[in-house]
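Secondary and tertiary structure notes
One-letter residues, chain by chain:
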Amino acid sequence: MPSIPPLIISSSASTGHKFLSFLRCRYSTLTHAFTRRSIPMAASEEILRVSLAEKLSAVEAQGNAVRALKAARAAKTEIDAAIEALNGLKLEKASIEKELQAAVTGADGSLNRETFRQTVGNTLERRLFYIPSFKIYRGVAGLYDYGPPGCAVKSNVLAFWRQHFVLEENMLEVDCPCVTPEVVLKASGHVDKFTDLMVKDEKTGTCYRADHLVKDFCNEKLQKDLSITAEKAAELKHVLAVLDDLSSEELGAKIKDYGITAPDTKNPLSDPYPFNLMFQTSIGPSGLSPGYMRPETAQGIFVNFKDLYYYNGNKLPFAAAQIGQAFRNEISPRQGLLRVREFTLAEIEHFVDPENKSHPKFSEVAKLEFLMFPREEQMSGHSAKKIPLGEAVSRGIVNNETLGYFIGRVYLFLTHLGIDENRLRFRQHLANEMAHYAADCWDAEIECSYGWIECVGIADRSAFDLRAHSDKSGVALVAQEKFPEPREVEKLVINTVKKELGLAFKANQRMVVEALEAMDEKEALEMKANLESKGETEFLVCTLGKNVTIKKSMVTISKEIKKEHHRVFTPSVIEPSFGIGRIIYCLFEHSFYMRPSKAADAQLNVFRFPPLIAPIKCTVFPLVQDQQFEEVAKVISQSLTTAGISHKIDITGTTIGKRYARTDELGVPFAITVDSTSSVTIRERDSKDQVRVNVEQTASVIKDVTDGRRTWADVWSTFPHHSSVSADDEI
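Not measured: the values here are computed from a predicted model. (Residues numbered from 1 in each chain as written. Predicted model: local features only at pLDDT ≥ 70, side-chain atom pairs only at ≥ 80, totals over all residues. Heavy atoms only, no water.)

Some points on the overall build of the chain
A count of helical and extended segments in the chain gives 24 helices and 29 strands. Judged by the C-alpha coordinates and their principal axes, the chain covers about 95 × 90 × 55 Å. The buried share of the chain, reckoned over its 731 residues, is 47%. Of the contacts formed within the chain by residues at least 6 apart in sequence, a portion of 68% connects residues at least 24 apart. For the chain, the accessible area works out to roughly 36000 Å², and carbon and sulfur atoms hold 52% of it. Between the averaged position of the 90 positive side-chain charges in the chain and that of its 97 negative side-chain charges there is a distance of 3 Å. (Helix = DSSP H or I, 4+ residues; strand = E, 2+ residues; numbered from the N terminus. Buried < 20%, exposed > 50% of the residue type's maximum accessible area, 1.4 Å probe, protein only. Contact = heavy atoms within 4.5 Å. Areas by Shrake-Rupley, 256 points an atom, 1.4 Å probe, with all protein chains shown as cover. Lys, Arg positive; Asp, Glu negative; His and termini not counted. Charge placed at Lys NZ, Arg CZ, Asp CG, Glu CD.)

Structure below.
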């Protein structure tokens with residue numbers, strides 16, 4: 001008798017049934033434990049992968065056992081029992097695979113992420129929210145045109161941004177050129193450092209962004225290869241977490257280790273090398289004045305600080321804001337509006353005394369509670385959790401009140417637009433993501449079908465930008481605080497010996513000097529002690545990414561007592577930076593849903609835009625083609641125009657239900673139906689409820705609701721309800 005795998009040691013039907021009973025008990029217990037672990041929604045991905053690995057092993061072992069029983073010509077009842085157990089294991093394996101697939105792809109039981117994305121994208125293009133630019137010439141990757149409804153949504157988002165930030169915070173708005181001289185971007189570091197790592201198809205020369213290829217490989221493995229172990233999944237997730245911090249050599253090693261090739265041709269790839277993302281140009285016909293299309297709007301504010309400070313009465317704090325186009329020559333743009341070559345930024349630079357970063361209005365946002373993802377939670381593998389903002393600041397999770405205040409204001413801005421608060425989180429930058437000069441940085445990330453997308457960056461940039469432009473231009477970009485009485489103050493003085501540093505570091509001298517002068521008191525005094533005891537010390541220059549040796553002859557560090565009548569300092573900058581296109585795309589996804597038609601034979605697309613940002617606030621429909629009704633519709637249209645309400649008249653002969661469906665798909669919140677000469681019905685998009693209103697009151701009702709002075713619930717409780725009796729009223 002051939003040897004039988006140890007999972008089944010049996011020579012009788014009785015023993016087979018006992019084994020089957022044992023199997024059922026064992027896997028029932030496992031399944032019960034698994035179900036308990038997965039209760040609020042789905043088990044963690046790691047548990048699912050471990051469970052699947054166990055199940056695969058069990059299926060393989062049971063398959064071997066069935067084959068062994070057949071080879072041993074065991075009793076039919078015993079073989080049938082083993083086969084039944086095998087089938088049961090396969091069903092359980094399939095169930096875990098399905099749940100794991102849902103966990104890694106975001107499937108919601110009806111539409112997975114990819115299908116949902118395609119549905120939304122097709123609707124947006126068909127209804128002309130946005131389309132590829134230069135479409136008749138096959139388009140250009142990373143460039144898009146906003147159509148009429150898209151333009152209206154964008155305009156409404158920007159109008160609310162101005163209201164929410166510029167007007168309510170009394171900011172100074174500026175508008176600076178897109179073309180920027182090279183010297184400005186040299187000072188800011190963009191000329192030398194604004195790069196991504198690129199690889200080329202060695203045969204065709206097609207370019208790809210190296211980190212995107214590694215990211216795509218890791219995501220595809222995690223989402224589609226359900227057989228990988230939990231350890232391998234953890235490795236891939238770690239690579240994704242540190243991807244931004246990998247050097248060109250490390251990225252190249254990953255590409256080789258994973259066998260990544262060119263996506264289109266499967267040809268081998270070159271080693272990664274840096275590519276500057278700015279569009280270069282020349283200013284003037286001589287070509288002697290190099291420039292770039294600005295990669296951000298912030299530099300225009302920094303270089304105007306001196307004049308803005310004077311305009312503000314030489315008082316701090318104050319904020320300057322700018323909305324405008326920015327340009328980045330992306331290596332391989334993708335993901336629609338999320339990664340493009342020309343885009344709209346709305347940026348705020350809030351200048352504040354670095355010794356006093358409190359905010360007088362912080363109490364207004366301190367009680368807000370929303371998803372926050374501090375770096376400690378990220379490093380320990382935990383998820384984002386709701387934290388009251390006041391607690392986050394008091395515990396030091398958020399560095400200071402001003403930074404916290406803007407985090408709260410950004411949360412209110414995004415949620416008022418219609419972003420789902422449960423798919424919005426504020427993620428703190430890890431230490432390896434932050435520039436050496438930054439005090440603290442947070443990203444407002446919005447979850448969409450592409451995953452968590454950074455849409456707003458809120459950073460305490462310290463005084464780096466103003467200092468950099470002061471050094472390069474020779475113009476002091478500083479503020480003053482006058483003292484009521486002279487003060488004796490002990491000051492830390494760091495004097496760099498540029499001749500010695502130049503001889504030692506040559507082209508890197510400037511970066512070493514900047515790093516030395518940016519030291520805080522603790523670091524400077526530690527260096528002083530080392531220099532006095534050893535004559536030299538190792539010093540990390542973050543912009544070089546390495547340690548350098550500083551000798552005693554290169555720098556002097558001392559503390560001196562001085563009498564001061566005023567204090568001159570370089571202000572710190574708190575910078576919220578908004579990617580408007582990214583916010584709008586996430587808003588499209590968060591607002592989109594499908595509902596069955598009245599006959600339940602089709603799914604109708606709906607955008608649930610809040611009235612605040614809806615492209616068209618209402619439509620006006622004569623119920624039937626009737627001259628009297630059309631005249632009333634024109635009167636209402638004129639009233640709406642006078643009230644400044646965007647609207648559209650539809651006098652086509654199609655059924656009212658089809659007209660409702662068309663406007664629901666555009667996200668129009670209200671529809672006015674003219675069915676008499678004295679009164680009309682107003683239909684609300686999402687509930688489909690209708691009220692009857694006199695013609696004379698119609699425009700004022702719509703105005704109040706769209707401006708936020710009334711809610712639909714107020715309207716519903718004030719006016720008579722209208723019940724549709726026609727089968728054509730809805731489709």
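Considerations on the confidence of the model for the chain
In the predicted model, the chain carries a mean pLDDT of 88, and 92% of its residues have values of at least 70. Across residues 1–43 the pLDDT falls below 50, and counting only partners more than four positions away or on other chains, this stretch makes 56 contacts in the model. (pLDDT = per-residue confidence, 0-100.)

Examining the nonpolar core
If you look at the biggest cluster of nonpolar residues, it comprises 71 residues, and the most contacted ones within it are Trp161, Phe413, Leu414, Phe426, Phe578 and Phe588. In terms of residue count, the dominant contributor to this core is helix H15 (residues 401–417) (ten residues). Leu640, Ile645, Val701 and Ile702 belong to the second-largest nonpolar core, a separate cluster that totals 23 residues. (Core = buried A, V, L, I, M, F, W, Y, C linked by side-chain atoms within 4.5 Å.)

Some words on the pattern of salt bridges
Two side chains carrying opposite charge are able to pair once their charged atoms lie near each other. Applying the stated criterion across every chain yields a total of 45 salt bridges. Across the pair glutamate 330 and arginine 339 runs a salt bridge whose closest N-O atoms are separated by 3.6 Å. A salt bridge links lysine 385 to glutamate 377; the shortest N-O distance between them is 3.5 Å. Judged by its relative accessible area of 39%, lysine 385 is partly exposed. Residue classification places glutamate 377 among the buried positions, given a relative accessible area of 16%. (Salt bridge = Lys/Arg side-chain N within 4 Å of Asp/Glu carboxyl O.)

Describing the side chain of aspartate 650
Its location among the elements puts aspartate 650 in the loop between strand E25 (647–649) and helix H22 (656–665). Since its relative accessible area comes to 11%, aspartate 650 is described here as buried. For aspartate 650, the side chain forms a polar contact with the side chain of threonine 652, separated by 2.6 Å. Each residue touching aspartate 650, except ones within four places of it in the same chain, is listed here: Val620, Phe621, Pro622, Arg659 and Arg662. (Polar contact = N/O pair within 3.5 Å; in protein donor to acceptor, adjacent residues only side chain to side chain.)

Examining the packing of aromatic side chains
When we look at a pair of aromatic rings, we describe it by the centre distance and by the angle of the planes. Per the stated rule, a full pass over the model turns up 28 aromatic pairs. Both rings, one in phenylalanine 160 and one in phenylalanine 413, keep their centres 5.5 Å apart while their planes meet at 10°; by these two values the pair is stacked. Of this pair, phenylalanine 160 sits in helix H5 (residues 148–167) while phenylalanine 413 is found in helix H15, placing the two residues 253 residues apart along the sequence. This pair shows no difference in class: phenylalanine 160 is buried, exactly as phenylalanine 413 is. Seen from their ring centres, tryptophan 161 and phenylalanine 578 are 5.8 Å apart, and the 80° between their planes marks the pair as edge-to-face. (Phe/Tyr/Trp six-rings, centres within 6.5 Å; stacked < 30°, edge-to-face > 60°.)

What about the sheet that holds strand E27 (residues 679–684)?
The strands making up a sheet associate through backbone hydrogen bonding, with each pair oriented either parallel or antiparallel. Taken in spatial order, the six strands line up as E25-E24-E26-E27-E28-E29 in an open sheet, and their pairing is mixed. What marks the edges here is a single partner per strand, and that holds for E25 and strand E29 (721–722). Two elements, E27 and strand E28 (residues 690–694), share five bridges in a ladder whose sense is antiparallel. Bridge pairing in E28 links isoleucine 682 to valine 691. Of the strands in this sheet, strand E24 (618–622), E25, strand E26 (670–674) and E27 touch helix H21 (residues 627–642), which is tilted by about 165° from E24. (Pairing = 2+ DSSP bridges. Axes fitted to C-alpha atoms, helices over the stretch in contact; angles between N-to-C directions.)

Observations concerning the sheet that holds strand E7 (residues 273–276)
Taking strand neighbours across the sheet as the criterion, the three strands line up as E6-E5-E7 in an open arrangement whose pairing is antiparallel. Every other strand in the sheet has two partners, leaving strand E6 (207–209) and E7 as the edge strands with one partner each. Direction aside, neighbouring strands of the sheet carry axes that sit 50° apart on average. Where strand E5 (residues 195–200) and E7 come together, four bridges link them in antiparallel fashion. When the bridges of E7 are listed, threonine 195 appears paired with asparagine 276. Sheet contacts for helix H8 (residues 210–224): E5 and E6; angle to E6, the most-contacted strand, approximately 65°.

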